[in-house]
Structures are given as structure tokens and as C-alpha cells.
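# Examining the three-dimensional arrangement
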Amino acid sequence: QVQLVESGGGLVQAGASLRLSCVGSGRTFSLYNVGWFRQAPGKEREFVVAVPWSGGNPYYADSVKGRFTISRDNAKNTVYLQMNSLKPEDTAVYYCAAKYEGSLALSKPDYWGQGTQVTVSS
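Quantities reported herein were computed from a predicted structural model and do not represent experimental measurements.

What counts and what doesn't
- Residues numbered from 1 in each chain as written.
- Predicted model: local features only at pLDDT ≥ 70, side-chain atom pairs only at ≥ 80, totals over all residues.
- Heavy atoms only, no water.
- Buried < 20%, exposed > 50% of the residue type's maximum accessible area, 1.4 Å probe, protein only.
- Helix = DSSP H or I, 4+ residues; strand = E, 2+ residues; numbered from the N terminus.
- Pairing = 2+ DSSP bridges.
- Disulfide = S-S within 2.5 Å.

What follows deals with the pairing of strand β3 (residues 18-24). Extensive coverage of β3 is indicated by the burial of five of its seven residues. Taken together, the six bridges between β3 and strand β8 (residues 78-83) define a ladder with antiparallel strand orientation. Bridged to C22 within β8 is V79.

Following this line, the structure appears as C-alpha cells:
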């Protein structure tokens, strides 16, 4: 069982930066592929970025490439999402997700966090 707790959301102006954090519980958290999804009002939840348990190359959605950076610190059971050059269309609830086997970009996560709100004003 893995529990995920996100933090770091907030209200910012367009062009600003935010860093989200996701702390995972459990001794095996370092073996999970982890990533971030987001859900804007009235829209389906969408994939944002994922990084494999080994810390290999992340995979980004086209909409955030060059602006968002994911990193993980397995010693702290923590995943970070650095978001730069934020746009109003980035406004959404951001969810941390974990999957033991398989790609987060292609299949449903095993675990979800509760979400953290990010609002970007124009």
C-alpha cells in the first residue's frame, strides 16, 4: 500500500513558478514509477509527466515540455514538479500518481494522491 500526499499548490500570476511536492509512504515507494496528472474544471484528468523508479528519462506531455521539470528523491520518498512560465491554461487540480509496473502515460496508476489546486491568473 502506498499513500501519496501533495503540497505546494496556490494562486500565481501568469509567468510565475511553483514547485509541487509529493511525499509517498511505504518502504517500497522507490520502486514505483511516479508522475503527475491534472484535471481542469469541466475536463478529463490528463497526464502531465512521469519518471521511472530508476530515475531514468522522464516523459512529458507536449503541453508542458520545456516548462515543467519532474525530479525524485528516493531517500526522502518525495517527487517534485517544478513548474515555470505558468499559463492560465495550467490551472487545474494536480494529482500525484504511482504505478508499480508499466507506464503512467499509458495505463491507469495504482495509487493517487488527494490533489493540490494550482490557479494561474492572467
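We now examine the state of the cysteines. Scanning the entire structure with this criterion turns up one disulfide. At a sulfur-sulfur separation of 2.1 Å, the disulfide partner of C22 is C96. Handedness of the C22-C96 disulfide follows from its S-S torsion of about -80°: it is left-handed. Linking C22 in strand β3 with C96 in strand β9 (residues 92-99), this pair joins segments that are 74 residues apart in sequence. The residues C22 and C96 share a single accessibility class, namely buried.

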